[in-house]
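Spelled out, the chains give:
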Amino acid sequence: MSVLIDFSIAPMDKGESVSLYVAKAVSIIKNSGLDYRLGPMGTSVEGNWAEVMNLVTRCFEELKKECDRIYLTMKVDYRKNAKGRIKGKVASVEK
């Protein structure tokens, strides 16, 4: 099973630049062991449902420690019996 998510999370109460807080979330993602791709407007992560939802929750809980208002967007693509889609979907289009 493959769940591919694209999500972004950032505080809304910390001024114009929020890169410090986004970097905290990216550190959690990087250390998760899941395949991911950082983009300019969000991060794509691949894994099973429980893994990726747990990861999003961990990022939220980390930001919640210092932030009173958090904005999070998430898109999810589930495909049964598939894996390696974080690379494969892009390669398929570029081909």
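As a reminder, the structure under discussion sits directly above these lines.
Reference entry: report on the structure contained in this document. (Residues numbered from 1 in each chain as written. Predicted model: local features only at pLDDT ≥ 70, side-chain atom pairs only at ≥ 80, totals over all residues. Heavy atoms only, no water.)

Re helix α1 (residues 19-30)
An α-helical turn contains 3.6 residues, so a residue and the one three or four places further along point in the same direction. Over its twelve residues, α1 runs 16 Å from end to end, which matches the ideal 16 Å to within 8%, given 1.5 Å per residue. For α1, the full list of buried residues reads Y21, A25, V26, I28 and I29. All buried residues of α1 fall inside an arc of 155 degrees around its axis, so they share one side. In this structure, α1 carries S19, L20 and K30 as exposed residues pointing more than 90 degrees from its buried face. Each element contacted by the buried residues of α1 is listed here: β1 (2-11), β2 (35-38), β3 (43-47) and α2 (49-64). (Helix = DSSP H or I, 4+ residues; strand = E, 2+ residues; numbered from the N terminus. Expected span 1.5 Å × (residues − 1). Buried < 20%, exposed > 50% of the residue type's maximum accessible area, 1.4 Å probe, protein only. Arc of directions from axis to C-beta. Contact = heavy atoms within 4.5 Å.)

What to know about the environment of E16
Following the sequence through the fold, E16 ends up in the loop between β1 and α1. Residue classification places E16 among the exposed positions, given a relative accessible area of 85%. For the pair formed by E16 and G33, sequence separation is 17 residues and the distance between their alpha carbons is 31 Å.

Some remarks on a nonpolar patch on the surface
On the surface, W49, L72, M74 and V76 cluster together to form a nonpolar patch covering roughly 340 Å² of accessible area. Ranked by the residues each element gives to the nonpolar patch, the list is headed by strand β4 (residues 70-79), at three residues. (Patch = residues over 30% accessible without salt bridge, like charges linked within 9 Å, V, L, I, M, F, W, Y side chains within 5 Å. Areas by Shrake-Rupley, 256 points an atom, 1.4 Å probe, with all protein chains shown as cover. Salt bridge = Lys/Arg side-chain N within 4 Å of Asp/Glu carboxyl O.)

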